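As a plain string of letters, each chain reads:
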Amino acid sequence: MTEQDELPNAKRHATMLSSSPTPANSQSQRPSLPSNASTSALSESPDGSLPRRTPVDWRPVPVLLAEVESHTMPTARAIVARVDLPKQMSAVIAFIQQCMQPESARLEHLRRVRKPSNSVMQVLICLVDSVPLLRTHHEISTPSDTSSGSDAACNGNSSSSLTSDQLLLGIKSLLQSRGVADDKSQVLESLSLCVTDVPERIAANQQQHAAGNALWPLAHASALTAAKNSALAEMLFSDDELQRMDGYMDIAIAQAQAARAQGNSPIGAVVVDPATNTILASVGDCSREHTLAHAAMVAIARVADAQRQEYLAALQQGENGAPASAEAGNSRPVAELPYLCTSYDLYITREPCVMCSMALVHSRVGRVFFGTPHPDMGGLAGARRIHAEPKLNHHFLAFRGVAERRCAALFCDGADTE
């Protein structure tokens, strides 16, 4: 049997495992549990509108980039000019704009000028490591302690051994290497140059923003990014949302148990349309039949199969000039059909591997909720954080810790084939 023959078998196996076929355009589809799923925590609400469960003992935790989760602001060494007379400021700014533009690009997250209390105005010129003549200086590899305050390096309290003349010489050599006339740097000759620590990059959360501002004022865009990421880290879900999540994960756990019974890895996955609370796919791992048929991959394939049938039905209805019928399970024109998992949620018992995480990027999934982590091979919180990789053209939200104890119990016997 070839690889091409095996993958359809994996899909057929996933179909057998699925226990919740998708009703056509259901607006209030509740997660129906498989026959072997635990129902001890379920009880109907008085009006029967939503499955009521005992309060969950977990909370979804957003998985962010490592630098977003850190409260530490990395620093870099910068050359600063102290400007005693206000009339000198415009000349210094003009010099930077005309002669130091390449170096200024690395400082866009910072304000150009600051005025510390009881001190003269200070202007950022460039980072020390942007100047080749200064790059190999021994102090660059040993950053100074910033706990003494942001003014120390430029107020005579720094342990820096770089003098103002050395800094000026380094800047002149940089300009000469680019063919800039010597007279362009004359504006700096009457100023005192010094070295100070500044935030190395834009702040990723409120704690980093506060720490960065203590070193050097951050630009407004940095504050917006920090506020956005901090709000994401504190994202809250209502009790009803948590109960729905718990129900979806119950279905995934049941699929994982069924997969384990077939000799596969105990991993289950459920795809949900959050706009209608409709279950679109409910599958278990099929890697015993095909090495690529991980639960997340099979779930995406199931959604794609259903969409392909809907797409073909829509095309046929269009050719015949007939309106879409409810019996056919299609009420949307071709142009309105979704692309794979766009804006959908995936609930999966264990963190997807790197391969599955990239597949989720390509499927345009909206959110991923997983139970137990996969430290060595996980693509969202373990080996990589693919969902937030800046170089990719799609990003999605990832949350860990959903029914983590129940998901982790699936692996108590050491079963793991992925």
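For the structure, check the block above.
Residues numbered from 1 in each chain as written. Predicted model: local features only at pLDDT ≥ 70, side-chain atom pairs only at ≥ 80, totals over all residues. Heavy atoms only, no water.

Caption draft 1: Structural context of the side chain of aspartate 197. Residue position: aspartate 197 is located in strand β7 (residues 192-199). A polar contact of 3.0 Å, which involves the side chain of aspartate 197, links it to the side chain of arginine 77. (Helix = DSSP H or I, 4+ residues; strand = E, 2+ residues; numbered from the N terminus. Polar contact = N/O pair within 3.5 Å; in protein donor to acceptor, adjacent residues only side chain to side chain.)

Caption draft 2: Main features of the packing of aromatic side chains. Counted under the stated rule, the structure contains five aromatic pairs. Measuring from centroid to centroid gives 5.1 Å for tyrosine 248 and tyrosine 347, while their planes differ by 50°, and the two rings are tilted. Of this pair, tyrosine 248 sits in helix α10 (residues 239-261) while tyrosine 347 sits in strand β10 (residues 345-350), and the two are 99 residues apart along the sequence. Both residues of the pair, tyrosine 248 and tyrosine 347, belong to the buried class. With 5.1 Å between their ring centres and 15° between their planes, phenylalanine 369 and phenylalanine 399 make a pair best called stacked. Here phenylalanine 369, found in strand β11 (residues 367-372), pairs with phenylalanine 399, found in strand β12 (residues 397-400); they are 30 residues apart in sequence, far enough to count as distant. (Phe/Tyr/Trp six-rings, centres within 6.5 Å; stacked < 30°, edge-to-face > 60°. Buried < 20%, exposed > 50% of the residue type's maximum accessible area, 1.4 Å probe, protein only.)

Caption draft 3: Here's a closer look at unusual backbone geometry. For serine 343, which is not glycine, the phi dihedral falls at a positive 70°. Relative to the elements of secondary structure, serine 343 occurs in the loop between α11 (295-320) and β10.

Caption draft 4: Main features of the nonpolar core. Within the largest apolar cluster, 53 residues are counted, with the highest numbers of intra-cluster contacts made by Met249, Val271, Leu346, Tyr347, Ile348 and Val368. At the level of elements, α10, β8 (268-273), β9 (278-284), α11, β10, α12 (354-363), β11 and β12 are the ones that each hand at least two residues to this core. If one sorts the elements of this core by residue count, α10 sits on top with eight residues. Beyond its immediate sequence surroundings of up to four residues, leucine 346 is in contact with Ala269, Val270, Val271, Ala296, Ala299, Leu360, Val365, Arg367, Val368 and Phe369. Listed in part, the 25 residues of the second largest apolar core include Val92, Cys99, Cys126 and Leu191. (Core = buried A, V, L, I, M, F, W, Y, C linked by side-chain atoms within 4.5 Å. Contact = heavy atoms within 4.5 Å.)

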